[in-house]
Amino acid sequence: MVRIRVLVVDDHRIFAESLAAALAAEPDVEVSAAGSGPAALRSLERAAAEGRRFDVLLVDADLGSNVQGIRPAVSVQEGNEDGLVDGISLVAGVRTAQPAVRIVVLAEKDDPRRAALALQAGASGWVAKDCSLSRLLTVIRGVLRDETHLPPALLTGVLRELTAARKHRTESERLVESLTPREREVLRCMVAGLGRKAVAERLFLSPHTVRTHMQNVLGKLGVHSTLAAVALARRAGVGPADLAGDVVERGGQLA
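Note that the coordinates shown come from a computational prediction; the quantities given were computed from them, not determined experimentally. (Residues numbered from 1 in each chain as written. Predicted model: local features only at pLDDT ≥ 70, side-chain atom pairs only at ≥ 80, totals over all residues. Heavy atoms only, no water.)

Draft legend 1. Up close: helix 9 (residues 207-221). The terminal C-alpha atoms of helix 9 lie 21 Å apart, and with 15 residues this matches the ideal 21 Å at 1.5 Å per residue to within 8%. When helix 9 is considered as a whole, its buried residues turn out to be V210, H213, M214, V217, L218 and L221. Down the axis of helix 9, the smallest arc covering the buried residues is 135°, so these residues share one side. Relative to its buried face, helix 9 has exposed residues pointing more than 90 degrees away, namely H208 and G219. Once helix 9 finishes, G222 follows within two positions and takes phi at roughly 70°, a positive value. (Helix = DSSP H or I, 4+ residues; strand = E, 2+ residues; numbered from the N terminus. Expected span 1.5 Å × (residues − 1). Buried < 20%, exposed > 50% of the residue type's maximum accessible area, 1.4 Å probe, protein only. Arc of directions from axis to C-beta.)

Draft legend 2. Examining the pattern of salt bridges more closely. Scanning the entire structure with this criterion turns up 14 salt bridges. Ionic pairing is found between D60 and K129, a salt bridge with its closest N-O pair at 3.2 Å. Of this pair, D60 sits in strand 3 (residues 56-60) while K129 sits in the loop between strand 5 (125-128) and helix 5 (133-143), placing them 69 residues apart in sequence. On the accessibility criterion, D60 (1% relative accessible area) is buried. Of the charged contacts, one joins R202 and E185 as a salt bridge, the two residues approaching to 4.0 Å between their closest N and O atoms. Here R202, found in helix 8 (residues 196-203), pairs with E185, found in helix 7 (residues 181-191); they are 17 residues apart in sequence, far enough to count as distant. (Salt bridge = Lys/Arg side-chain N within 4 Å of Asp/Glu carboxyl O.)

Draft legend 3. Summary view of the side chain of D28. Summarising the element assignment, D28 is placed in the loop between helix 1 (13-24) and strand 2 (29-34). Take D28: its relative accessible area is 16%, and that puts it in the buried class. Here R141 takes part through its side chain, which lies 2.8 Å from a polar atom of the side chain of D28. (Polar contact = N/O pair within 3.5 Å; in protein donor to acceptor, adjacent residues only side chain to side chain.)

Draft legend 4. Quick peek at the pairing of strand 4 (residues 102-107). The element strand 4 is extensively covered by neighbouring structure, given that 6 of its 6 residues are classed as buried. Taking every second residue as pointing to the same face, both faces of strand 4 are buried, with R102, V104 and L106 on one and I103, V105 and A107 on the other. In this structure, strand 4 lies alongside strand 5, joined through 4 bridges in parallel fashion. Among the inter-strand pairings, A107 is bridged to a residue of strand 5, identified as A128. (Pairing = 2+ DSSP bridges.)

Draft legend 5. Representation of the packing of helix 7 against helix 8. Running from N to C, helix 7 and helix 8 cross one another at 130°; their axes reach a closest spacing of 10 Å. The orientation of helix 7 with respect to helix 8, classified from their angle, is oblique. Handedness of the crossing formed by helix 7 with helix 8: right-handed. Contacts between helix 7 and helix 8 involve R182, E185, V186 and C189 from the first element and V199, R202 and L203 from the second. Residue classes in the contact of helix 7 with helix 8 are distributed as 4 nonpolar, no polar and 3 charged. (Axes fitted to C-alpha atoms, helices over the stretch in contact; angles between N-to-C directions. Parallel < 35°, antiparallel > 145°, perpendicular 65-115°, else oblique. Left-handed = near helix turned anticlockwise from the far one by under 90°. Contact = heavy atoms within 4.5 Å. Nonpolar A, V, L, I, M, F, W, Y, C, P; charged D, E, K, R; others polar.)

Draft legend 6. Highlighting unusual backbone geometry. The phi dihedral of D146 falls on the positive side, at around 65°, and the residue is not glycine. Within the secondary structure, D146 sits in the loop between helix 5 and helix 6 (155-177). One non-glycine residue, F204, lies in positive phi territory at about 60°.

Draft legend 7. How the structure looks around the packing of helix 7 against helix 10 (residues 226-235). Two numbers describe how helix 7 lies on helix 10: the axes approach to 9 Å, and their chain directions differ by 105°. Taken together, the axes of helix 7 and helix 10 lie roughly perpendicular to each other. Across from L187, M190 and V191 in helix 7, the residues of helix 10 making contact are T226, A229, V230, A233 and R234.

Now the structure itself:
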């Protein structure tokens, strides 16, 4: 019998253990549980190293919300031992690290905006926490067939959110295309979190020249801060500069 390996990720211990026990009663399901985003990532990495990858991740939409001081939508890399990784950020991180894993978000309430964000991050389903076990098993088996599962009441709202997001992305892409090649490289450095001095060293430019490029980037994108420019760049699909190696040529050919 082919067994489905499921990892439940929820920082509410009683719920996680109860759900894991219910799923484990199924003859074709093997289940584990993790109480935080970082713990889930460690479980995924360990399973992959042992050649026993998980097939489906069940992630609490409100992961980390019961931890004092939680910041919404932090990156997975910023997560720590206290579980400061929210559910949707974990979805994005897992999809990047292990794209074969299917992810279903478990939510206490329907929220079209957050459901749309989850789908954009790479989730294959959004399911109510109080749904029946048979319904959850149907979703688990469905996402393994590359199906997408949403509650019918959310469909219209989610489609509206995805359409709006697509419009914003198109507008953002148009603005980014107005940048010169050098300005786009500066923008990628900004997305990578580099300050003016670091950008200057990386691109072999003076800080004054970098300052001018940054001002031009903000002006062309129609924003007033680096944070706003980075947010727009991400909507347009602009990734960070590769800090592992120097990909910029000397000589200012891109200036």
